[in-house]
Amino acid sequence: MNLKYSDLIKIEKPSRYLGGEFNSINHFDKNKISNCFCFPDLYEVGMSHTGMKILYELLNSLDNSFCERCFAPKLDFANLLRQKNEKLFSLESHTELNKFDFLHFTFQYEMSYTNFLYMLDLANIPFFAKDRNESYPIIIGGGPCAVNLEPIADFLDVVIVGDGEEVNVKLQNVYSKGMTKQEFFNVIKDFDGIYIPMLHKTHKDKFTVVDYDKKIKKAIVQDLNKAFYMSKPVVPNIDIVHNRGAVELFRGCTRGCRFCQAGYIYRPVRERTIDNICKISTNIIQNTGYSELSLFSLSTGDYPNLLELMDKLKNEPILKNVKFSLPSLRLDSFKGAYSFESRKSSLTFAPEAGTQRLRDVINKNITEENILHSLEDAFNANYDKIKLYFMIGLPTETIQDIQGIIDLAQKIQLVYQNVKGAKKRPKLTVSTSIFVPKPFTPFQFEKFADESDVLNKIDYLKNGLRAIGVNYNYHDYKTSLIETILARGDRELCKVIEKAYRLGCIFDGWNEMFDFEKWQEALKNVDFKKYLDEIEENTILPWEHIDVGVSKEYLKKERLNSRNEKTTRDCRLGCTNCGLIKFGGCGVTNKI
Amino acid sequence: MLLIKFNKIDSFAYNSYLDCRDVIVQTIKRAGIDVNYSQGFNPHELLYFSPPTSLGIESFCEYCYIVTDYQNAENFKELFNKYAPAGLQVEFAKIIDKKPNFYDLYDFAEYQFIFSNKVKLNFADESFARKMNVDFSNKIFSINANENIITCIMACGQKGNLKPSALVEYFSSFETFELDKIKKLKVFKLENQILVNIDSLL
């Protein structure tokens, strides 16, 4: 890197690109396997990602490897690099990305695909795997989108499906023996969780994988208590989105909400013990100096011993002045959690649908009574700012379900008045997103809602909520449309994404950067309606070759249940035979 | 109470004043040293900093007054430096009784401007020196160039203040150059027309 004061001073927050944070490593060891963890979004977003911190520390704990970091730069910095003829470099040793053995990209959301190409472009690395010879790094993709990375499959050498903790160590051990890329791919191709797109051809016209029946089984860490977890996360020098310590209480979720991809792909539920969580928490606070710790999971209130855990954490001397946050609380799951917050800020809940009928369709498994009781508790605990999340465009949704959102908001106002007095009003905000059908959910076959239908419903909500004095925010339709195309896409989209990038699409997840017209232009010669329409259940899907454990038959059965407005129980209450049992047992199943 | 003098160098110089404050608070926590908190609805650690140095300027003369019952200054320095990120280092720590008024002490600071190439500006040239005197009256105490480095002692206090970036902009109206780095080396109080390093006054 050859950037000087006169260059760096012109860009916003140069510290994003320079490293030097506490707990980061500080030298490029030529005798070890070099890894760079690449996050296709800004430093502030990427540094808030727990998975990256775990893998960073894990790879740096190995004798044969080390790991650095790189984030997508803002346009000002990218322009500076181009102007100075510099390539994108890592934060730690300021080494150009093309000098590493491995680049690990995580895909947390589909809208980051163009940023992946943006980073490769800035690093002067060819996009297509077939164009990269031995001199280029091996490019690995992971994260939740790994269950269907077909839209960027041509750009990736390896995809890691599932938990990364164990499989990444295996890859390092194999690579340390010294071999060509092809030899390496041949050795690792049968490991659990490893998918090498170039070894799986696709049908010319359908773009789905030919040998889909040879399933790629996702990698699973069976016992989280024995798995690696960070104890010395890198502490950023600048403020980031979630500037705090983070402890994962458990992985997976048993609720079975039919729209939720995470709820299916992270199965089975694996819990950390209280002792393990306490040990991790004290280590993180001691080694970072953070004053806030997030106890997270997909549904934190479902941790079976949360009260006991909270008591134990509060009694740890080093955690005396630490503020705990419990994200992802369900409305029915844990009322006492409010007492954990020393400062009464806002509470956010996600009923997802306005009527009981629609909540049953999506298997949300909460009742209006649950919602109102929990909020009454919250109001009694002096909370007065409530945010509620809903989805629009859900299967079978009618205008009555939209009216249900307004009715629910009104009932919440009444509960508040009962607690606080007739003239009082809570600060209530309703936010809606647009339902995106995702792979490996019972709703993977569903149609993406029409624009006119969604816009009518948004207008209806705007008027209805304004009339009762409730704030309303809503998500942009067009972003969700592209997200659906990318989420259910196949390899035909590789060229579309490349074209979108060439047209100037980057940071598509950022409203101010998203340019729908450029995406339309990129999609011009593609029949993209096929990604938006309802999919016939027996169709071979682009992600058919991936096995996350939950069977397609189960997903179809769940879809039928949704049509019959029939709920499915939480699998903590009894196995629902989702198919996980064939993965060597499911922690929850074994408890029954 | 403790007074520390610290350096903010290399990449760390690109952290803002507020970010730097947060990093120092976290470093002290990691070192296991208790700092006193303010009273009130939003208690915060009682730390008082010297006037900010502009982003990107490497500083060897930052000061902070810390309200704490911790009494071992030498130990503080050792622990702090062990737990600090790269580019942040305490040069000295000492026990003091009273909070210093940094703004009162700050009159002039010595800066070094390090360029990629040799500087052609001739400060010895009388007509140029006269022009600078007019443009920056009373704001420059001394200035000289040596190879690729310009060293300047310039006003940085309430009585007068010259931003290093303004001076750089002025230089660039005479000559095009690339600036590698700017270093802030010392801070002075002007006493009877003599510059006194504020280290000796704290």
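Throughout, a residue's number is its position along its own chain's written sequence, starting from 1. A letter from A marks each chain and a number from 1 marks each ligand, given out in the order of writing. Totals for whole chains, interfaces and linings use every residue, but because this is a predicted model, local features are given only for residues with pLDDT of at least 70 and side-chain atom pairs only at 80 or more, for both listing and counting.

(A) Up close: the overall build of chain B. Each helix and strand in chain B was counted, giving five helices and nine strands. Each helix is a run of H or I in the DSSP string that is no shorter than four residues. Each strand is a run of E no shorter than two, and both are numbered from the N terminus. In chain B, the succession of helices and strands from N to C terminus is β-α-β-β-α-β-α-β-α-β-β-α-β-β. Taken along the three principal axes of its C-alpha coordinates, chain B extends 55 × 35 × 35 Å. Exposure is read from a count of other C-beta atoms within 10 Å of each residue's own; the residue is exposed at 12 or fewer, buried at 20 or more and partly exposed in between. C-beta atoms are placed from the backbone. Split into buried and exposed, the 202 residues of chain B put 32% on the buried side.

(B) Spotlight on the domain arrangement of chain A. Residues and elements named next belong to chain A. Each domain's extent was defined by an automatic or database domain assignment. Parsing chain A into structural domains produces domain 1 (5–217) and domain 2 (343–588). For domain 1 versus domain 2, the separation of C-alpha centres amounts to 30 Å. Every contact between the two is made by 31 residues of domain 1 and, on the other side, 28 residues of domain 2. The leading source of residues in the side of domain 1 that touches domain 2 is helix α5 (residues 113–122), at five residues. For this classification, Asp, Glu, Lys and Arg are treated as charged, while Ala, Val, Leu, Ile, Met, Phe, Trp, Tyr, Cys and Pro are nonpolar and the rest, including Gly, are polar. Of the residues that constitute the side of domain 1 that touches domain 2, the class distribution is 17 nonpolar, seven polar and seven charged. The contact criterion used here is simple: two residues whose C-beta atoms, placed from the backbone, lie within 7 Å are in contact.

(C) Fine view of the environment of Lys423 of chain A. Residue and element names in this part refer to chain A. With respect to the helices, strands and loops of the structure, Lys423 is situated in the loop between α13 (399–420) and β15 (427–434). Classification of Lys423 as exposed rests on a count of 6 C-beta atoms within 10 Å. Placed 105 residues apart in sequence, Lys423 and Ile318 show a C-alpha to C-alpha distance of 44 Å.

(D) Structural view of the domain arrangement of chain B. Residues and elements named next belong to chain B. Taken domain by domain, chain B consists of domain 1 (2–100) and domain 2 (106–201). Distance between the C-alpha centres of domain 1 and domain 2: 27 Å. The partner domain 2 presents 12 residues to the nine residues of domain 1 that form the contact. For the side of domain 1 that touches domain 2, the element with the highest residue contribution is strand β3 (residues 58–66), accounting for four residues. By residue class, the composition of the side of domain 1 that touches domain 2 is four nonpolar, three polar and two charged.

(E) Geometry of the environment of Gln26 of chain B. Residue and element names in this part refer to chain B. By the secondary structure assignment, Gln26 is in helix α1 (residues 17–30). The buried category is assigned to Gln26, around which 22 C-beta atoms lie within 10 Å. Gln26 sits 81 residues away from Asp107 along the chain, and the two C-alpha atoms are 31 Å apart.

(F) Expanded view of the interface of chain B and chain A. Tallying the contact residues gives 21 residues for chain B and 20 residues for chain A. Among the elements of the structure, α1 and β8 (179–191) of chain B are those that each provide at least two residues to the side of chain B that touches chain A. The dominant element in the side of chain B that touches chain A, judged by the number of residues it contributes, is α1 of chain B, at six residues. Counted by class, the side of chain B that touches chain A contains seven nonpolar, seven polar and seven charged residues.

(G) Structural view of the packing of helix α9 (residues 274–288) of chain A against helix α10 (residues 306–314) of chain A. Residue and element names in this part refer to chain A. Packing of α9 against α10 leaves a shortest axis separation of 10 Å and a crossing angle of 35°. In this structure, α9 meets α10 at a crossing whose hand is right-handed. Every residue of α10 that contacts α9 at Ile274, Ile277, Cys278 and Ser281 is listed here: Glu308, Leu309, Lys312 and Leu313. For the contact of α9 with α10, the per-class residue count stands at five nonpolar, one polar and two charged. Axis definition: a line fit to C-alpha positions, over the contact stretch in the case of helices; interaxial angles, taken between N-to-C directions, run 0 to 180 degrees. Left-handed is the label given to a crossing in which the near helix is rotated counterclockwise from the far helix by less than a right angle, and right-handed is the label when the rotation is clockwise.

(H) A look at the sheet that holds strand β1 (residues 33–39) of chain A. Residues and elements named next belong to chain A. Taking strand neighbours across the sheet as the criterion, the six strands line up as β2-β1-β3-β4-β5-β6 in an open arrangement whose pairing is mixed. Among the strands making up the open sheet, the edge pair consists of β2 (65–71) and β6 (194–195). Should DSSP find at least two bridges between two strands, the strands are taken to pair. Where strand β5 (residues 158–160) meets β6, two bridges bridge the pair, whose relative direction is antiparallel. Residue pairing in the sheet places Val159 in a bridge with Tyr195 of β6. Contacts from helix α3 (residues 50–61) reach β1, β2 and β3 (102–106), with the element oriented near 150° to β2.

(I) Region of interest: the environment of Thr282 of chain A. Residue and element names in this part refer to chain A. Here Thr282 shows up in helix α9. As for Thr282 and Leu293, which are separated by 11 residues in sequence, their C-alpha atoms are 10.0 Å apart. Apart from residues lying up to four places away in sequence, Thr282 is in contact with Glu316, Ile318 and Leu319.

(J) Examining helix α19 (residues 552–563) of chain A more closely. Residue and element names in this part refer to chain A. The end-to-end C-alpha distance of α19, which contains 12 residues, comes to 17 Å, matching closely the 16 Å that a straight helix rising 1.5 Å per residue would cover. Packed against the buried residues of α19 are α11 (356–361). Among the residues trailing α19, Glu565 stands out with phi positive, at a value near 55°. Multiplying 1.5 Å by the residue count of a helix minus one yields the expected span of that helix.

(K) Summary view of the sheet that holds strand β16 (residues 471–474) of chain A. Residue and element names in this part refer to chain A. The strand order β13-β14-β15-β16 describes an open sheet built from four strands, whose pairing is parallel. The outermost strands of the open sheet, each flanked by one partner alone, are β13 (347–352) and β16. Between one strand axis and the next, the sheet turns by 20° as a mean value, whatever way the strands run. Note that strand β14 (residues 385–392) and β15 share eight bridges and pair parallel. Bridge pairing links Lys385 to Lys427 in β15.

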